[in-house]
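For reference, the chains in residue letters:
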Amino acid sequence: MKFKALLTTTAAASVLMAGLAAAEPVKIGIAAEPYPPFSSLNAAGEWVGWEIEVINAVCAAAELDCVITPVAWDGIIPSLTGKQIDVIMASMSITEERLKTIDFSDAYYNTPTVVVADKAFDIAPTPDSLKGKILGVQASTIHQAYAQKYFADAEIRVYQTQDEANQDLFAGRIDATQADSIAMSAFTDSDTGSCCEIKGQVADDPAILGRGAGAGVRKGEPELLEALNAGIAKILEDGTHAKITSGYFSASIY
Amino acid sequence: MQQFRAFWEPHRIVMAVIFAAIVVWCAMTLRWDWLPDYAPLALEGLWRTIWILVVTIVLGFLLAVPLGLAQAIGPWYLALPAKAFCTVIRGTPLLLQIWLLYYGLGSLFPQYPWIRSSELWPYLRQAWPYAVLALTLSYAGYEGEVMRGAFAGVKRGQLEAAKAFGMPRFTMFRRIWLPQAIRSVLPTLGGETILQLKATPLVATITVIDIYAVSSRVRSDTFIVYEPLLLLAVVYMILAGVITLLFSRFENRGQRRAS
Amino acid sequence: MQAFFDMLGLGSSAELLSLSPPGWGGNLLRGLANSLKIALGAFGLGLVIGLFGACGKLYGGKVTRDLLAVYTTVIRAVPELVLILILYYVGTDVINKISEAMGGDRVEINGVAAGIWVLGIVQGAYATEILRGAIQAVPVGQIEAARSFGMPSAMTMRRITIPAMMSFATPGLANLWLIATKDTALLAVVGFSELTLETRQAAGSTRAYFTFFLAAGALYLVVTLLSGLVFARIENWARRGQPSLKGAR
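Note that the structure is a prediction, hence the values are computed from the model and not measured.

### As for the overall build of chain C
Along its length, chain C carries ten helices and zero strands. Traced from its N-terminal end to its C-terminal end, chain C shows the element sequence α-α-α-α-α-α-α-α-α-α. Once the C-alpha set of chain C is aligned to its principal axes, its extents read approximately 70 × 60 × 30 Å. Evaluated residue by residue, chain C yields a buried proportion of 40% over its 249 residues. In chain C, once contacts between residues fewer than 6 apart in sequence are set aside, the share between residues at least 24 apart is 75%.

### Let's talk about the interface of chain B and chain C
Size of an interface, as often reported, equals the accessible area lost when the parts are brought together. At the junction of the two partners, chain B supplies 29 residues and chain C supplies 33 residues. Looking at the side of chain B that touches chain C, the elements with two or more residues in it are helix H2 (10–29), helix H4 (76–91), helix H5 (94–106), helix H10 (169–199) and helix H12 (226–258) of chain B. If one sorts the elements of the side of chain B that touches chain C by residue count, H12(B) sits on top with seven residues. Grouping the amino acids of the side of chain B that touches chain C by side-chain chemistry returns 21 nonpolar, five polar and three charged.

### What to know about the nonpolar core
As a rule of thumb, soluble globular proteins bury nonpolar side chains together. Counting residues in hydrophobic clusters, the biggest one holds 191 residues, and the most contacted among them are Val58(A), Leu228(A) and Ile84(C). At twelve residues, the largest contribution of residues to this core is made by helix H6 (residues 111–137) of chain C. The residues contacting Val58(A), other than those within four sequence positions of it, are Leu228(A), Gly231(A), Ile232(A) and Ile235(A).

### Some points on the environment of Ile253(A)
Residue and element names in this part refer to chain A. Within the element layout of this structure, Ile253 appears in the segment after helix H11 (240–246). Along the sequence, Ile253 and Ser129 sit 124 residues apart, while their C-alpha atoms lie 28 Å from each other. The contact partners of Ile253, leaving out residues within four places of it in the chain, are Tyr109, Thr111, Ile182 and Thr245.

Cut-off values and rules
- Residues numbered from 1 in each chain as written.
- Chains lettered and ligands numbered in written order.
- Predicted model: local features only at pLDDT ≥ 70, side-chain atom pairs only at ≥ 80, totals over all residues.
- Helix = DSSP H or I, 4+ residues; strand = E, 2+ residues; numbered from the N terminus.
- Buried ≥ 20, exposed ≤ 12 C-beta atoms within 10 Å, placed from the backbone.
- Contact = placed C-beta atoms within 7 Å.
- Nonpolar A, V, L, I, M, F, W, Y, C, P; charged D, E, K, R; others polar.
- Core = buried A, V, L, I, M, F, W, Y, C linked by C-beta atoms within 7 Å.

Take it as geometry only, folks, not as evidence of what the structure does.
Written out as structure tokens, the structure is:
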């Protein structure tokens, strides 16, 4: 594995874009927890999923030499600012709050936010309906921020991974969970998720929910940001993005 | 006064000044503006940490006594399970135990619809019962091993003397054996309690909002990384200091009564 | 029997745990290897820190002694989880800043190295106390005898103090090693792919939480029990030449 990475490093060094530090691979940080269908670890120990394919496509298009580096989700921004990784591509929404700390590339996908609950329960994604209910969200996400603002009357339970929130929804320990619609349809389509259904989208608040998922980079690294933007634009234009998407979803998620 | 002067040697004064300078520097240059907003939440979290600590230590100790006793003098069919329990608890990470109890058991619930309609369900839905259970078992596992040694260490002659006076077995246990065993573990209890305090933040991983979880919340809300962590470390140090003080007073009193 | 396993959700455990995909056993073993690598490294680093720390505490100047007292007190009072987060985020940041200030390149800190240095510093504090106690337990006369023969202090350390203190230090160090293996689990919280995180990933992907957590527990337990055997042998070896304790009773 390491030897292979070394080989690709030396091979790619010659085609690196000007302005970027030579010979040093760009470390793309992803969340170290399964987040299907975007990224998850398979039984062979490889990371797979829609976002992983997009990362590879963007890196190829931008002629960057990338290494995928899993880090804990709730420490992913400190890992970026602490230089353990160079780019975050972990379905991170571009929000005003985050833009104060890091820069974002253009969005590479955008999906609505939904509330999921047990089929038997009559729950709507509104503050009134969720009042007094237990709502599970993932830590350090737009969903946590949104729930804390709009669903303050619900008991909000914060999980380290969305996966654990789903598990507790399945176990009946929470009444509902708020998360990304695609990840949630993947869950409701699965065996364990058959208990539950999407109850609808939450009212939009662009200030909190942001404008789609982008690649996060440290402030003051315009070359890298431009390279990523160019890469994203290229795969959107030449149909690579659509091709990857069609392998996972029935409709476009850009 | 003498003691005071002996402690404040010149180099210690210099170190204290440097330390004070670092504290002032931290207070001035780092960001603390989030503090007022999160103070109520932090107090709640602190209370929960202390509450979990006290409850699990008391319950864990109550469980440790029979565990230690079973290993020290029990017949093999009691000693063996007790020994196995202590080995398993001490041989696996607490984090794994907590996750096994919370998510492992959680994954079983849907198979048994009657659990959801039972009286216990409102508690089984919460996270804290699992946290308390896991930490109690863990403390019992470690302390059970200590108690085994303590029971075995009580002098034979004392027990024989009690027997010679015709003391019933249970009275002998209550009056002679248990108090002596507890007195001999008392000096280690303070350390064990601090170890237990240091285990409490793990419950934050199963959604219990203790002081550690509050600091994570500050981190994720404000993207301020170092300040909440540093403050958190200070809070734990203060707690550990308080525990040390409490136990040293406790121990002094116990010894005075003994002499 | 099958019904019992099904009841616990362990029905298809054998397939899930098989070593080659689609089984997740390979992932768990890879995680275990990483855990052991980090634990070994951290234990070794801790021993080195501990040896210097113990010497500093015993023979160092006033300032050294006080600084070491602060180090061991702080590390032993703050939860490992908090220390790991602080050392991981702050520590790597500081190392990079220092290296950049000296005109060097960014230091590449891979997961294993970061885990080793973070846990090593924690282990060092405990090792300092254990080794200090062990060195103090060595009869002063032995060290004085070495000095009176004109043995340099480094040689006294290597030839006399360390071998003589081994038997006092082994039980504490054995305990410390077990703490090291178990503390690697905490690195799951910062996203290292060690055994506990691999377990969680496997459990999350397959929903077989019970199976995987039990399997990981069994792996940790095997490590503990094997370590117990190894350390018992080491202790026997360290005690060679000492009068048997059995007779003293």
